[in-house]
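Commentary on secondary and tertiary structure
The chain contents come next:
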Amino acid sequence: MSLLAVLIALFSLLPLGYVVYMTVTTGWDTAVELIVRPRVGELLLNTVLLTLITIPLCLLFGVGGAWLVERTTLRGRRWWAVALAAPLAIPAFVNSYSWVSAVPSLEGLWSGVLISTLSYFPLVYIPAAATLGRLDPAIEQSAASLGLGPWAVFFRVVLPQLRIAMTGGALLVGLHLLAEYGAFAMIRFDTFTTAIMVQFQSTFNGTAGNMLASVLVVLCLFLLLAEVKSRGSARYARIGSGAQGKTTQLPLGGYQLPAQLGLLALTALAFGLPLWFVLKWVMAGGSEVWAAEEFMPALLQTLLYGAIGAAVTIVVAFPMAYLAVRHPSWFSKLLELSNYVTSSLPGIVVGLAFVTVSIRVVPGVYQTAGVLVAAYVLLFLPRALVNLRSGLAQAPKELDEAAQSLGKAPLVSFFRVTLRLTAPAAAGGAALVFLAIVNELTATLLLAPNGTRTLATEFWSKSSEIDYTGAAPYALLMILLSAPMTYLLFQQSKKVAGQ
């Protein structure tokens with residue numbers, strides 16, 4: 001297991017190694033010339049402004065929505081709990097397509113902020129709601145007994161306990177902003193990812209594209225370090241005797257109607273409007289857009305790549321998860337960290353790494369299904385790893401030892417005990433990987449074999465040609481495939497909260 005985990009970790013560092021190698025071989029003078037130029041400054045300003053504006057808005061809507069659902073007498077709380085997570089089922093580039101359909105003049109920074117906020121605020125809402133659901137109310141009750149009002153209790157007691165959920169959600173939002181291509185390309189808003197794709201598609205200018213990729217990687221690593229720094233060292237777990245008390249719901253009173261209207265507006269803009277325009281274009285296209293020879297190949301290939309990619313990712317993640325749970329050490333943590341660093345890199349960087357390595361080292365595998373699946377594995381390995389770690393932690397090694405003491409061979413006891421107990425967690429991880437593959441665009445555009453048609457690439461091809469009726473069925477199918485997985489993610493978060 002240890003050898004396999006080391007090999008997987010080395011393989012996962014391929015994209016980062018590619019960026020470092022290309023930067024070094026480019027030469028200092030050329031690298032400085034390509035990085036220190038007005039175009040890079042423009043892209044950097046766009047990216048920084050987008051991040052600095054969007055992340056606070058996502059925190060505001062995510063934490064605010066979670067607090068209303070979990071800690072107030074909001075009517076229809078269970079319905080709102082699901083509705084606020086629902087926008088995750090709509091890929092950001094489909095959201096952008098819907099908003100461009102509604103307002104064709106959308107473009108630039110503020111349009112990017114609008115679409116990004118509506119697409120990504122659930123990444124903050126879900127962990128914040130889960131954390132609020134399991135907070136011990138005793139501290140809040142003590143603060144209230146000392147004379148603090150509801151707002152003072154929220155800002156001085158509740159909000160600090162949400163630090164990990166908020167920083168983790170903010171990190172996810174930031175990484176999505178750096179990686180997103182389709183949503184920003186559709187509204188003509190230039191970021192590093194869109195610029196790299198233009199370089200690749202128009203001139204295949206490897207040096208210029210690689211230097212832009214190196215700046216993008218630095219931004220990703222900066223976000224990771226900022227998230228680690230912002231966690232702090234405070235403890236958030238409850239200690240002491242006795243059972244945790246039941247949370248009290250704050251009466252909304254006269255704020256009930258404004259809260260309902262606010263949540264209705266948010267979900268209508270984030271989920272209702274995109275779904276409405278997708279359905280509108282589907283109906284406008286009539287039965288012709290549902291011709292089996294048009295969409296069936298894309299649907300089947302998406303399902304095939306999703307199933308194979310999810311299965312391979314689970315298999316690859318298992319040695320790493322097994323080593324982390326059964327043999328924890330600084331070494332296993334280091335190996336695991338390598339996967340998280342790689343997964344934080346945008347899909348376009350991973351795609352460029354595989355393009356360059358396959359062309360220069362093993363030309364025969366360029367634009368093959370194996371290379372595309374390998375890219376999916378590197379991009380989405382942590383989604384499987386987190387679930388497998390949880391499953392293995394609930395399958396104690398003592399059960400394996402008991403089976404062996406009854407005469408079962410180690411390998412037999414492993415398959416009949418450990419794997420069976422880990423299967424539900426593996427299935428959950430596979431579902432999350434499948435969801436990510438269904439909605440993946442940039443790496444697929446770069447690496448897919450000739451003739452490959454997935455829902456995401458066909459949607460992008462049609463929408464790029466302003467064939468909105470032709471793109472609508474692919475958008476609807478992606479939403480329908482994503483919805484069950486989004487609900488599974490929501491349910492997992494509630495399970496973690498003990499609800």
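Presented here is an overview of the structure given in this document. Here, residues in each chain are numbered from 1, in the same order as that chain's written sequence. Restriction of local features to residues with pLDDT of at least 70 applies here, the model being predicted, together with a cutoff of 80 or more for giving and counting side-chain atom pairs; totals for whole chains, interfaces and linings are based on all residues. With hydrogens and water set aside, each side-chain value is computed from the structure's full complement of heavy atoms.

A few points about the environment of glycine 65
- Helix and strand assignments follow DSSP, with helices taken as H or I runs no shorter than four residues and strands as E runs no shorter than two, numbered in order from the N terminus. Within the secondary structure, glycine 65 sits in helix 4 (residues 38–71).
- Among the residues examined, glycine 65 registers a relative accessible area of 3% and is labelled buried.
- Expressed as a C-alpha distance, the spacing of glycine 65 and alanine 129, which sit 64 residues apart in the sequence, is 8.2 Å.
- Residue contacts for glycine 65: discarding those within four places in its chain leaves Leu84, Tyr125 and Leu263. Each residue gets one of three labels from its accessible area relative to the maximum for its type: buried under 20%, exposed over 50%, partly exposed in between, using a 1.4 Å probe on protein chains only. Here a residue-residue contact requires only that any non-hydrogen atoms of the pair lie within 4.5 Å.

Examining the pattern of salt bridges
- Whenever a carboxyl oxygen of Asp or Glu lies within 4 Å of a side-chain nitrogen of Lys or Arg, that contact is scored as a salt bridge. Taken as a whole and assessed by the stated rule, the structure comprises four salt bridges.
- Note that arginine 39 is salt-bridged to aspartate 190, the shortest N-O span being 3.4 Å. Placement of arginine 39 in helix 4 and of aspartate 190 in the loop between helix 12 (182–186) and helix 13 (192–202) is noted, with a sequence separation of 151 residues between them.
- By relative accessible area, which is 29% here, aspartate 190 ends up partly exposed.
- Note that glutamate 107 and arginine 188 form a salt bridge whose closest N and O atoms lie 3.6 Å from each other. Here the residue glutamate 107 occupies a position in the loop between helix 6 (92–102) and helix 7 (109–120), and arginine 188 occupies one in the loop between helix 12 and helix 13, the gap between them amounting to 81 residues.
- Judged by relative accessible area, arginine 188 falls into the partly exposed class, the value being 47%.
- Salt bridges sharing partners connect three or more residues here, namely Arg39, Glu42 and Asp190.

Structural measurements only, silent on function.
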